[in-house]
Structure formats: C-alpha cells, structure tokens
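Remarks on the overall topology
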Amino acid sequence: MPPKHSSNNPARVAVVGTYVPRRCGIATFSNDLLTSLRDAAPESDWWAVAMNDSAKGYDYPPEVQFEIGQNVISDYRTAVDFLNMNRVEAVSLQHEFGIYGGRTGSHVLRLLQNLRMPVVTTLHTVLREPSPDQREITEAIGSLSDRVVVMSDGARELLVKSYGIPRERIAVIPHGVPDVPFLDTSYHKDQFGLVGRKVILSFGLISRGKGYEYVIEALPEIVKAHPEACFVIVGETHPEVRKHEGEAYRLSLQSRARELGVDDHVVFFDQYIDKKTLNEFLSVADIVVTPYLNREQIVSGVLSFALGAGKAVVSTPYWYAEEVLAGGRGRLVPFRDGDAIAREVADLLSNDVERHAMRKLAYKWSRKMVWSAAAKEYLRLFREVRGERAVSPRAWKATPISAQLELPPPILDHMRVLTDGTGILQHSRFGLPDRDHGYCTDDNARALIVSLMAQHVLRDATETIPLSYRYLGFLQHAFNSDKGRFRNFMGYDRTWLEQVGSEDSHGRAMWALGTTVLDAPTQGMAASAVTLFEEALPITLDFTTPRSIAYTMLGVDAYLRRFSGASEARRARVHFAERLYALYRANAEPDWQWPEDMATYANGLIPHALIQAGARMDRGDMVSAGLRSLRWLMDRQTDPRGHFVPVGCRGWLVRGGRQARFDQQPIEAEHMIGALLEAHHVTNDRRWLEDSRRCFEWFLGRNDLQQPIADQATGGCRDGLAADGVNQNQGAESTLSWLHSLMRLHIAVGATVSTNRQTPADSVRRLTTPAPVARIAGSAASASH
C-alpha cells in the first residue's frame, strides 16, 4: 500500500527508464530526477522501473522495484500489472527510441496503453525529420501521456507544429543540473595533474557523433597561441558502440593527435566517472566544448552541466545549443569546422574578462535548471494531472483472461538444426536435415527475415546475429551480377543448379534485403544489404507475376521506412503498386475479387502488398481493393464451423470451380496473418485481428484434422495437412512460416490492447510492428472445433 500522508503530492511515483549503474545518459538522468524528487517530497514513495539491455541485468540500488527486459514483450505486460496492482499514482516515463524494444522502440506503447495512472513522459529526442515509425511512436506517446515534458522551447514548438500535440499538454522543464558553487578553475587542477594548463573539456560516453576530431584538428592553432592548452576528454566509449566497433573511434582520435603533433595536448580519462568526480572535472575546465555533429539534437546533458557550473562554452549550433547559448552565454561555430573552433577557443583563452563574463551569465541563467527547481516543476505536473483525472477520469478496460490466447515463445532450435555453414537447407526427413536437396534463395531469404525479427522478440537475440550474416551471405552469393538476377537452387556441394531463378525467388530476396536495410543490427550488415538491394532492384521493374511484384513491394516498403527519401525506391513503389492494382481491376468481379483466374499459393501476400502500398501512397482506392480482395479470400478459406481452411495445393482454387481442400501448407497461414495484421493496422477494424487469430490457430490444431502443425518443443513446423494426416517432415519453408507468423503476432498485436486513452484520429493508423503483447484478444482457444 502507498504510504499515508497529508501532502497533495502523489503517494507513490515510478520513474521508468534506464537506471544506474547502467552506463547510459538516460540512466543518469533518471537517477538524478528520482533523487531530487525524493529530496523534495520525502513523504512519498519514489520507485524506479529499470530497462535492461541484457539478460543479466545490473546490480541496482533498492529504489529499483521492477526490471523490464528491453526485448522481452511479456515483461512489459507484467510491468503494467505490477504498477497497477501496487497503486502507483503517477508514472514519469523517460523516452529515447533506443532504450525500448521493438522496431524503433515500439514496445513502449504496450506499457503506456494499459497503465491506469496518469503518465508524464519526458522526451529526450524530438526529431524534425523522423522516419514514419518514429513519427507514429512520438504521436502515440503524445496521445497516451497526460503531459509531455521537453527541455527546450524549440522542442515544444516542434511537437506542436510537426506532431500535432496540443500545446497545453506540453511542459518545458529544463534539463536538471547539480547545484554546484561558482569556483575558480584552478581549484581542483592539482588532483588531475593539470596545474598550469588551460583546460578545454568535454565529457560523456564517447561515440563518433561527438565531433571530437574537429577539436583535435583545431589544437595546432590553439597551442600556437596558448602552449599550455590541453584538450581533456572524460568518459568511456559508449557500450553499444564498443559492441560493434570496439575502441576504433578513440584510437582514431589518438592517431590524429599524433599526426598533428599535439598528442601531448590531448588527455583521455577513459572511465565512467561518478557525479562527484564529474563535478570536479567540470570545475577545472576553462572552456567546455560540445562540437556535436547532429543538428537535430534537442537536449544535451553535457551542455546543461557546463552551464550549471558556470563554464565558458564553444559549441556547434545544434538546436539545443542555439537556444541555451543565446544572449552571450556561449559561442557557436559551424559544424565540422576545426578552424572556427581554433579561432573561438584561442580568442576566449586570450580574453579573461570576456570569458569570465560569459561564465557569470551562464551560471546566473542556469539557476532555474538546478535539480531542486526541476523537481518542483515535475511535482507540480504530477499534482496537475492527478487533479485532472479526478475531475475527468479516463476509462480503462482490460481484456478478460478467459478471452485470451497465450502465444508460445519462439524457439529457434529447429531453424538452427537446418542451418549449416552455407545457409539453411530446404528440406528435412521428419526432423533431420535432408542434404539431398541442398539450399535455395527462397528459404534463406525467409530465414534472414525471421532471424532479424528475433531481435524484437527474444530476450537475448545476439545469438541470431551470426545466423543473419550467414543468410545474407547466401543471398549475396546467389546474386548473378551478369544477369542482374538471383539464382535460386544450390546443391549440397555448393554448385548452383541454375543461373537465373524464378521471379518469385528474386522478389523474396528483395523482401529480405529491404527488411535487412531496416532492421540490421550492425552498420556493415545494413550497408551490404543496401548495395545488394540497389543492384537487384532495376530488373524487378520488368516482373509480371503478381507474387514477385508483391514480394518486391514489401521489400521496397521496408527499404523506404529506413530511407524515406530514396527517389528510385519511391518510383519503384508507385510502379509496382499501379501494376498490381491494374491486374486486380482487369480481372476482379463481384464474386471473384482476385487478380488472376486461379488463387494458388502465398495468396495473402497480394492483398497485403496492395493495402500497405495504398496506405503509404494515400490511395484509398488501392486500399479498398486490397481489403475487398482480402475479405473475399478470408471468407473463402473459413469453414462454416469457424476454422481456417487454406487453399490446397492439389488443385488450388480456380475461377468457377471448387476450392481444393488439401494439401494445406503453412505458407498460406503465414501470408494471411501478415495481410490481416496489415489490414487491422490500416483500418483499426478488430475483425481483421480476429481473422488473424483464426489463421494462427490452424498451426495449433484448429484445422480440418484437429492436429497441431507446429512443433512447439523444437520450433519446427510440419510440412502440411493432407487428407490422410499430417506430413511429418519439417522443412525450412514450413518452419520459417511458423516462426514468422508467431513473431509477427508477438510484435504486432500489442497495439490492439483495449484502451480509451486515444482519440479516434489517433486510432486510425498504427505501427505495422507496434508495442507487443504476448496475448491475442478474442474467443478462448478452447472454443476450437
């Protein structure tokens, strides 16, 4: 129970974000905020909910009451229950895209949609040119939060004008800073061996975006004027950067300093320092530099701390710096301009009077930023939103437990069994890999998509990264650059059995490459995929089969979600969409909503591509056509008893004829699920979600033979349903269809959790992969026939 107290402040508040000892700027901010709130309102309970980026977690202090695995979707649901049941009265959520799981951090929406208490969200990033996913997430956060906090006036204006968040729901609270005395810069120099030196300081976790190389480029000119000058860089390499490139950036800075002959004037303190030591380092700085390269940076803890300590500052003109250094509180230099840095730093070091006047202006102005002042503003917000809820409570509706179907966890054991050093094998005999039939581009493309999707679902997906490289490497080898086409079939001896594969296999490869461009965990993987995608795209403009066009459209869409301004890909999307739509219009009739005279395999793919492209292009006619086609297809494949009956491959579905009942294959359920989730995403019509559930249950045994197709123990999937029973072989296509379907639902269904905390306008569009939950709402699984 929350403590009893007479204050108007909430009795229990949870700060959600990363938290110390995790080495992350948001973690430090969360800890500083919670500490200042606790000091300001000691009668309240102040809890932290910490985001973990690894399964091991961290040795957290006692205020951390709950931990969420960044990529563990069930943890978000459990966190909701924990906070709601413990009667937390307000949540302060720290938002940065990279600290939450899901594509572009979409898992955070799963949390926000189901919290019953008021939420005050602090945005640490606001982008002027967001990707489509980033825009949708930011807008959803604005809708689901009672207040949004930003740290500059510029950020507030951007939210109002570009994201449509009402001004009255946005509060500006400056980045908190320690309340430190205004000290002479020589006070602590002896303890760092810097007596007699003019210190140019920067600090924080090191990464390439910091722009430190331009300060080093400036040092020769600075040292000419001030031989006692030195550039002190305090902080370790950012942990995420170290994972991917080690200490390459730091080593490049050291190497460049040696080349310029200023290595004696560059000092690295390669460690993560505590607050006391940081304040001591700040006290010795004659000038603080923030030569950052990202103009859109809307807040900087380093710059805030420098102002709070009363430091002279030289900075590039990123948005936050432009705002807080106005009025003579610092000097701005162009981006990537070492000469300008040299000129301004040398001038300030030569002009003690002006430098000290700048220091005093900064120190006086920043008194409103000290943590005690920031805490008062947050407390005021908490009181306001609780008061508003008391007058106008927001309805909250949970989905009954009896109306939920648990999604099993994805298991990749069988996928790994089928994979060797070349790629994934096509077939198996029962559960054993069948090497007689070798490999194909089709299955390695599917496997690449699934291995990348795993990073949004699994607790620790780092083990799938080598698999992604292997499958991408197969596609790279499969590409015949002389023909501009992918080969498809390869023998077990690694001999290609053809020089040009089918259009469909090429389209599947494009889908996988576009997904890799969007979701690659490393820059090198993404760059390789970009190159291959762009080489393989031109030939697709001549494709004529609907499925090859549709597969390519899905790849182009993923590519454009990463590079929305890519002109060639944008033109290709229009070309493909118009061609597929023309096929539909030429062939469809009221009782045959299909672009061909026969519905064969992977049928859901075609309406999926039409709906997705139509929505992206704002083509309502195209979306409507896709929805009509999908509704017709779903109705044709639903038994009167209510279960899914995919078109059988022994005869297909011919215009004017009867649908073949068998053999039923997993790829049909997979592509129907993808299309149905896209339809739900575009329309917010819950019927599509119910239909996707029906298709998913086919894997679990709600089918003609009442037999499970998926092998949940190994993550494999049987090859299909025949009239005389289940095909017990577990090949790559079937296994990947099961895993893809399962992961899609794990990722996608979170946006459907019932909530009245959205306006109708906010509900019209949702992310393709929004904040996940591990349940599908609908009729109970026990109702299967």
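Residues numbered from 1 in each chain as written. Predicted model: local features only at pLDDT ≥ 70, side-chain atom pairs only at ≥ 80, totals over all residues. Heavy atoms only, no water.

Observations concerning the overall build of the protein
- Secondary structure assignment for the protein yields 27 helices and 26 strands.
- Its C-alpha atoms give the protein a radius of gyration of 29 Å, near enough to 28 Å, the size a compact globule of 785 residues would have.
- In terms of overall dimensions, the protein has C-alpha extents of about 90 × 65 × 45 Å along its principal axes.
- By the burial criterion, 61% of the 785 residues in the protein qualify as buried.
- Of the contacts made within the protein by residues no fewer than 6 positions apart, 71% connect residues no fewer than 24 positions apart.
- Carbon and sulfur atoms provide 50% of the accessible area of the protein, an area that totals close to 29,300 Å².
- Here the protein carries 90 positive and 93 negative side-chain charges, and the mean point of each set is 4 Å from the other. (Helix = DSSP H or I, 4+ residues; strand = E, 2+ residues; numbered from the N terminus. Rg over C-alpha atoms; globule rule 2.2 N^0.38 Å. Buried < 20%, exposed > 50% of the residue type's maximum accessible area, 1.4 Å probe, protein only. Contact = heavy atoms within 4.5 Å. Areas by Shrake-Rupley, 256 points an atom, 1.4 Å probe, with all protein chains shown as cover. Lys, Arg positive; Asp, Glu negative; His and termini not counted. Charge placed at Lys NZ, Arg CZ, Asp CG, Glu CD.)

A short note on the environment of W47
- Mapped onto the elements, W47 comes out in strand β2 (residues 45-52).
- W47 gets classed as buried once you look at its relative accessible area, which sits at 10%.
- Sequence spacing of W47 and F66 is 19 residues, and the spatial spacing of their C-alpha atoms is 8.6 Å.
- Every residue in contact with W47, bar those within four places of it in the chain, is listed here: R12, V13, A14, V15, L34, E63, Q65, F82, N86 and V88.

Details of the environment of E247
- Position of E247 among the secondary structure elements: in the loop between α7 (239-245) and α8 (248-259).
- Note on E247: relative accessible area 24%, which makes it partly exposed.
- Measuring from C-alpha to C-alpha, the distance between E247 and S207 comes to 9.4 Å, with 40 residues separating the pair along the chain.
- A polar contact is formed between the side chain of E247 and the side chain of T237, at a distance of 2.5 Å. (Polar contact = N/O pair within 3.5 Å; in protein donor to acceptor, adjacent residues only side chain to side chain.)

Comments concerning the packing of aromatic side chains
- Tallied over the entire structure, the rule returns 26 aromatic pairs.
- Relative to Y492, the ring of Y439 lies with its centre 6.1 Å away and its plane at 15 degrees, an arrangement referred to as stacked. Remark: Y492 occurs in the loop between β19 (489-490) and α18 (503-519) and Y439 occurs in strand β16 (residues 432-440); sequence separation between them is 53 residues.
- Given a relative accessible area of 1%, Y439 falls into the buried group.
- When the centroid spacing of 4.4 Å and the interplanar angle of 5 degrees are considered together, the rings of F533 and Y559 count as stacked. One end of the pair, F533, is in helix α19 (residues 523-540); the other, Y559, is in helix α20 (residues 546-562), and 26 residues separate them in sequence.
- Given the relative accessible area of 0%, F533 is considered buried.
- An aromatic cluster of at least three residues, connected via ring pairs, comprises Y439, F474, Y492 and W496.
- The ring of W319 has R128 lying over it, and the distance from NZ or CZ to the ring centre is 4.1 Å.
- Looking at R359, its charged tip hangs above the ring of F182, at a distance of 4.2 Å from the centre. (Phe/Tyr/Trp six-rings, centres within 6.5 Å; stacked < 30°, edge-to-face > 60°. Lys NZ or Arg CZ within 6 Å of the ring centre and 35° of its normal.)

Comments concerning the nonpolar core
- Among the nonpolar cores identified, the biggest contains 113 residues, and M415, L475, F486 and F699 are the most heavily contacted of them.
- In contact with F486, not counting residues within four places along its chain, are T441, L475, A478, F479, V500, G501, H506, A509, M510, L513, L532 and A536.
- In this structure, I99, I141, F203 and A309 belong to the second largest nonpolar core, which totals 107 residues. (Core = buried A, V, L, I, M, F, W, Y, C linked by side-chain atoms within 4.5 Å.)

As for the packing of helix α4 (residues 132-144) against helix α5 (residues 153-163)
- One way to put it is that α4 packs onto α5 with a least axis distance of 11 Å and a crossing angle of 105 degrees. Regarding the angle of α4 to α5, the classification is roughly perpendicular. Along the contact surface, α4 presents R135, T138 and E139, while α5 presents L159, S162 and Y163.
- Split by residue class, the contact of α4 with α5 holds two nonpolar, two polar and two charged. (Axes fitted to C-alpha atoms, helices over the stretch in contact; angles between N-to-C directions. Parallel < 35°, antiparallel > 145°, perpendicular 65-115°, else oblique. Nonpolar A, V, L, I, M, F, W, Y, C, P; charged D, E, K, R; others polar.)

Side note on the sheet that holds strand β12 (residues 312-315)
- In space, the six strands of this open sheet follow the order β10-β9-β8-β11-β12-β13, with parallel pairing throughout. The open sheet has two edge strands, β10 (266-269) and β13 (331-332), and neither has a second partner.
- When strand β8 (residues 198-203) meets strand β9 (residues 229-234), the two strands line up parallel, connected through six bridges. Bridge pairing in β9 places V199 opposite C230.
- On top of the sheet, helix α12 (residues 338-350) reaches β8, β9, β11 (287-290), β12 and β13; it is set at about 165 degrees to β11, its chief contact. (Pairing = 2+ DSSP bridges.)

Here's the deal with helix α6 (residues 212-225)
- For α6, with 14 residues, the first-to-last C-alpha span of 20 Å sits near the 20 Å given by 1.5 Å per residue.
- The principal kink in α6, of about 40 degrees, is found at L219, preceding the proline P220 by one to four residues.
- Buried residues of α6: Y212, V215, I216, A218, L219, I222 and V223, and no others. (Expected span 1.5 Å × (residues − 1). Bend = angle between axes of the 7 residues up to and from the residue.)

Details of the sheet that holds strand β15 (residues 425-429)
- The strand order across the open sheet formed by three strands is β15-β16-β19, and the pairing between neighbours is antiparallel. The open sheet has two free edges, formed respectively by β15 and β19, since each of these has just one partner strand.
- In this sheet, β16 lies alongside β15 in antiparallel orientation, the contact comprising four bridges. Its bridge partner being in β16, L425 is matched across the sheet by Y439.
- Helix α16 (residues 441-453) contacts β15 and β16 of the sheet and is inclined by roughly 105 degrees relative to β16.

Some points on the confidence of the model for the protein
- Of the residues in the protein, 93% reach a pLDDT of 70 or more, and the chain-wide mean stands at 90.
- Below a pLDDT of 50 lies the segment residues 396-404, which in the model reaches 17 contacts outside its immediate sequence neighbourhood of four places, other chains included.
- Predicted confidence for residues 750-785 stays below pLDDT 50, and this span has 130 contacts to residues more than four positions away or in other chains. (pLDDT = per-residue confidence, 0-100.)

Quick notes on α12
- Along its 13 residues, α12 runs 18 Å from first to last C-alpha, staying within 8% of the 18 Å computed at 1.5 Å per residue.
- All of the buried residues along α12 are G338, A340, I341, A342, E344, V345, A346, L348 and L349.
- Its side-chain oxygen placed 3.2 Å from the backbone nitrogen of D339, D337 serves as the N-cap of α12.

What about unusual backbone geometry?
- The linkage connecting V20 with the following residue, P21, adopts the cis geometry, with an omega of 15 degrees.
- Examined against the element boundaries, P21 turns out to sit in the loop between β1 (12-17) and α1 (25-40).
- Backbone torsion omega between F662 and D663 reads -10 degrees, so that peptide bond is classified as cis.
- Counting through the fold element by element, D663 comes out in the loop between β21 (653-654) and α24 (666-683).
- Even without being a glycine, A602 presents a positive backbone phi close to 50 degrees.

Overview of the side chain of E280
- Along the chain, the position of E280 falls in helix α9 (residues 275-284).
- A distance of 2.8 Å separates the side chain of E280 from the side chain of Q191, its partner in a polar contact.
- When sequence neighbours within four positions are dropped, the list of residues in contact with E280 reads H188, Q191 and F192.

Here's the deal with the pairing of β8
- The buried fraction of β8 is high, at six of six residues.
- Once the chain exits β8 it traverses α6 before rejoining the sheet at β9, and the crossover so formed is right-handed.
- Of the pairings in the sheet, the one linking β8 to β11 comprises two bridges and is parallel in character. Note on β11: the bridge partner recorded for I200 is I287. (Right-handed = clockwise from strand over helix to strand, strands pointing away.)

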